[in-house]
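Descriptive structure summary
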Amino acid sequence: MGIYNQLMQQLDDKGVLFNVETDTVMTGSGRIIPKKKAIINAKSGETLGIVSDSYQVVSNESIFDAFCKQIEASNIDYADAEVNVAFAKGGARTLVDFIFPNEEIVVPGDTSSTHLSITALNSFDGMTRYLTKAGGMRMKCLNGQILGNIVGGYSSTHSPNLSVESGAQRVIQM
């Protein structure tokens, strides 16, 4: 099994790849709220957010599919790669850290091991932009960090201009 399949399987096992649907927003009396839509977890039926009708829904699967393809096509040593996942608000926000233990980042003056970490954040509640960044997972105290100057990343509102592929490619090529 290639790294793409391994990473996607880890994401699926951790519940990241759920589908979402949109629905009309109504008051209790049945009045439709204009220019709003509800984003609903298709599996659980839970409402994840109420957003504007221009909000572009981008599934976790689309985002992490693009990331995993870029990782597989890169020069990153992805042997033993791990995926850490955190959810907020029942999946309304998903944070995924891809950690690469065979890619060490050297921090001047620090002899502890720091592994390459690539992070992606997606939301369905309109509270957070789509965001990707690269940094390090410091093994001494297990905190994620961005070291020195940020050399690249990708951030976009959930609008028609959001490009999952561009975001993944930009961060991987850093």
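Scroll up a little and you will see the structure.
In this text, all values refer to a predicted model and were calculated from it rather than measured experimentally.

The subject of this paragraph is the nonpolar core. Across soluble globular proteins, you tend to see nonpolar side chains buried next to one another. Judged by nonpolar contacts, the single largest core of 25 residues is most densely connected at Leu-7, Leu-11, Phe-64, Phe-98 and Phe-100. Secondary structure elements with two or more residues in this core: helix H1 (3-13), helix H2 (60-73), strand E5 (93-104), strand E6 (114-123) and strand E7 (130-138). Not counting chain neighbours up to four residues away, the residues in contact with Phe-98 comprise Leu-7, Leu-11, Phe-64, Phe-67, Cys-68, Ile-71, Glu-82, Val-83, Leu-116, Ser-117 and Ile-118. Grouped together as the second largest cluster of nonpolar side chains are 7 residues, Ile-39, Val-51, Ala-92 and Phe-124 included.

Here Ala-38 is to be found in strand E2 (residues 32-41). A C-alpha to C-alpha distance of 4.5 Å links Ala-38 and Ile-50, two positions 12 residues apart in sequence. Leaving out residues up to four positions away in the same chain, Ala-38 has contacts with Glu-21, Thr-22, Asp-23, Val-25, Thr-47, Gly-49 and Ile-50.

Counted under the stated rule, the structure contains 3 aromatic pairs. Where Phe-18 meets Phe-124, the ring centres are 5.8 Å apart and the plane angle is 55 degrees; that geometry is what we call tilted. Here the residue Phe-18 occupies a position in the loop between H1 and strand E1 (20-26), and Phe-124 occupies one in the loop between E6 and E7, the gap between them amounting to 106 residues. The pair formed by Phe-18 and Phe-124 is uniform in burial state, with each residue classed as buried. Ring centres of Phe-67 and Phe-98 lie 5.9 Å apart, and the angle between their planes is 5 degrees; this geometry places the pair in the stacked category. Residue Phe-67 is found in helix H2, and its partner Phe-98 is found in strand E5; the two are separated by 31 residues along the sequence. In this structure Phe-98 comes out as buried when scored by relative accessible area, which is 1%. Taken together, the aromatic side chains of Phe-64, Phe-67 and Phe-98 make up a single cluster linked through ring pairs.

Procedures and definitions
- Residues numbered from 1 in each chain as written.
- Predicted model: local features only at pLDDT ≥ 70, side-chain atom pairs only at ≥ 80, totals over all residues.
- Heavy atoms only, no water.
- Core = buried A, V, L, I, M, F, W, Y, C linked by side-chain atoms within 4.5 Å.
- Buried < 20%, exposed > 50% of the residue type's maximum accessible area, 1.4 Å probe, protein only.
- Helix = DSSP H or I, 4+ residues; strand = E, 2+ residues; numbered from the N terminus.
- Contact = heavy atoms within 4.5 Å.
- Phe/Tyr/Trp six-rings, centres within 6.5 Å; stacked < 30°, edge-to-face > 60°.

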